[in-house]
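# Fold and geometry: a report
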Amino acid sequence: MADISLTASMRSNLLSLQNTQSLMDLTQERLSTGKKVNSALDNPNSYYTSQSLTNRASDLSSLLDSMGQGISTIKAANEGIESITEFVQQAKAIANQARDESNAVAGSTGSYDSNNVTAGDVTITVTYNGETKTDDVTLAENETLEDAADKIQTALQAMEFGEPAAQLGANFTVEHDDATGTFKVASANGEELKISFEVGGAKMNATAGNSTRVDSVARFNAILDQIDQLAKDSGYKGVNLLGGTDQSLTVIFNEDRSSNLVIQGVDASSNGLQISRVTDWGSNANIDASITEVEDAINELRNMSSEFGNNYSVVQTREEFTDNLINVLEEGSDKLVLADMNEESANMLALQTRQQLAINSLSLASQAAQSVLKLF
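These numbers come from a predicted model, not from an experiment.

## A few points about the overall build of the protein
If you tally the helices and strands in the protein, you get six helices and 11 strands. Relative to its 376 residues, the protein shows a buried fraction of 36%. Long-range contacts, defined as pairs at least 24 residues apart, comprise 67% of the intrachain contacts of the protein with a sequence gap of at least 6. When the accessible surface of the protein is summed, it comes to about 21000 Å², and 47% of that surface belongs to carbon and sulfur atoms.

## A word on helix α3 (residues 145–158)
For α3, which comprises 14 residues, the first-to-last C-alpha distance of 20 Å matches the rise-based estimate of 20 Å (1.5 Å per residue) to within 8%. When we look at burial in α3, the residues that qualify are L145, A148, A149, I152, Q153, A155 and L156. Projection of α3 onto a plane perpendicular to its axis shows the buried side chains occupying an angular sector of 160 degrees, all on one side. Within α3, the exposed residues directed more than 90 degrees away from the buried face are T154 and A158.

## Considering the pattern of salt bridges
All told, the structure shown has five salt bridges when counted by the stated rule. In this structure, the salt-bridge partner of R277 is D225, at a minimum N-O distance of 2.9 Å. On the criterion of sequence distance, the pair formed by R277 in the loop between β11 (260–264) and α5 (284–337) and D225 in helix α4 (residues 211–232) is long-range, its members being 52 residues apart. Assessed through its relative accessible area of 32%, D225 is described here as partly exposed.

## Looking at the nonpolar core
Grouped together as the largest cluster of nonpolar side chains are 50 residues, with contacts concentrated most on I84, V88, F220, W281 and F308. No other element matches helix α2 (residues 44–104), which puts 16 residues into this core. Contact partners of I84, with chain neighbours within four places excluded, come to I227, L230, A231, L242, A268, L273 and L301. Within the second largest apolar cluster, 17 residues are counted, among which are A148, A149, I152 and I195.

## Concerning unusual backbone geometry
A positive phi angle, near 55 degrees, is found at K237, a position not held by glycine. Position of K237 among the secondary structure elements: in the loop between α4 and β10 (248–252). Of note in this structure, Q274 is not a glycine but carries a positive phi near 60 degrees. Residue position: Q274 is located in the loop between β11 and α5.

## Quick look at the environment of D246
Relative to the helices and strands, D246 resides in the loop between α4 and β10. Along the backbone, D246 and V266 are 20 residues apart, and their C-alpha atoms lie at a distance of 8.2 Å.

## Side note on the environment of Q247
Examined against the element boundaries, Q247 turns out to sit in the loop between α4 and β10. Q247 gets classed as partly exposed once you look at its relative accessible area, which sits at 25%. Q247 sits 18 residues away from G265 along the chain, and the two C-alpha atoms are 4.8 Å apart. If we skip the residues at most four places from it in the chain, Q247 touches G238, V239, N240, Q264 and G265.

## Comments concerning the confidence of the model for the protein
Chain-level statistics for the protein give a pLDDT mean of 79 and a share of 77% at 70 or above. Scored below 50 in pLDDT, residues 102–113 makes 39 contacts in the model with residues more than four places away or belonging to other chains.

Definitions and limits used
Residues numbered from 1 in each chain as written. Predicted model: local features only at pLDDT ≥ 70, side-chain atom pairs only at ≥ 80, totals over all residues. Heavy atoms only, no water. Helix = DSSP H or I, 4+ residues; strand = E, 2+ residues; numbered from the N terminus. Buried < 20%, exposed > 50% of the residue type's maximum accessible area, 1.4 Å probe, protein only. Contact = heavy atoms within 4.5 Å. Areas by Shrake-Rupley, 256 points an atom, 1.4 Å probe, with all protein chains shown as cover. Expected span 1.5 Å × (residues − 1). Arc of directions from axis to C-beta. Salt bridge = Lys/Arg side-chain N within 4 Å of Asp/Glu carboxyl O. Core = buried A, V, L, I, M, F, W, Y, C linked by side-chain atoms within 4.5 Å. pLDDT = per-residue confidence, 0-100.

Next up, the structure:
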């Protein structure tokens, strides 16, 4: 191309046309990509700053997913607490029902054939509230059933149980039936008392108590089994915040892991709530102890729910903040590299006009050279 000679005016117009085409190529690239900075060659400072903001937004976006999973884990634990609370309230209702039954039903079971009451000792073995006492009652020859019952009753009332020592009082009585010749043990308030009568080696066990309480014990313990099972089933993706204090959840809030929240697990099983399994509701004191444990467990569950609710609020707030921060970072990145499409469109129109003018000018410049042909 260096061997071709162009006039000064033609070369000037050609250079202008080339510059215009170069600007058109740049404008077309901006219009097609939507960016005014497409590589470090366009503007190194804006390009790398934009990349840094975009990379941070991407890192926070992945943490946003982790926060969402953390919220789901907390919600699973909270759902478990609400269901366990319903079970504990049900257990309390069972205990209250058993407690009420003690004053509604008077029970008397068991008897001892005493038609032939003879002189000698009747050995009485009494088991009450887990403690056993033994005493002998001396009967006279041909003692009446009524007198024998009175002596046994007196011996019962004199027995002391527990620390501090407490007497049975009038809660339990010994009755007799002249028609059948039997002694019977009766419970005035439904509490359970096991008595063994022994005369001359013959023994008969009698139990005074309320059978409804026995059924209540089974139902109460069954509820505790359900509480244990539900606490085990409250996990989410391998993390169970109700499975014990060895369980925990760490939610990360920023890209360098310097900001986080550690959510400590709790033991929401019957053992963790300190609700004891029942073996004997024969006495009102035992039922009252179970009711107290259940009420304490309800308060503990409320505290657990409050703590998880607070953690849920913290993670949710950080999730919303991170989402907004990602938008700010992406917006800042776009400001550095995005092109103004209106401006670029106007530039393209101006360049097309300039290109057309340059072509026309080049054509006019070439006419001087073409006029030489007219000489021939």
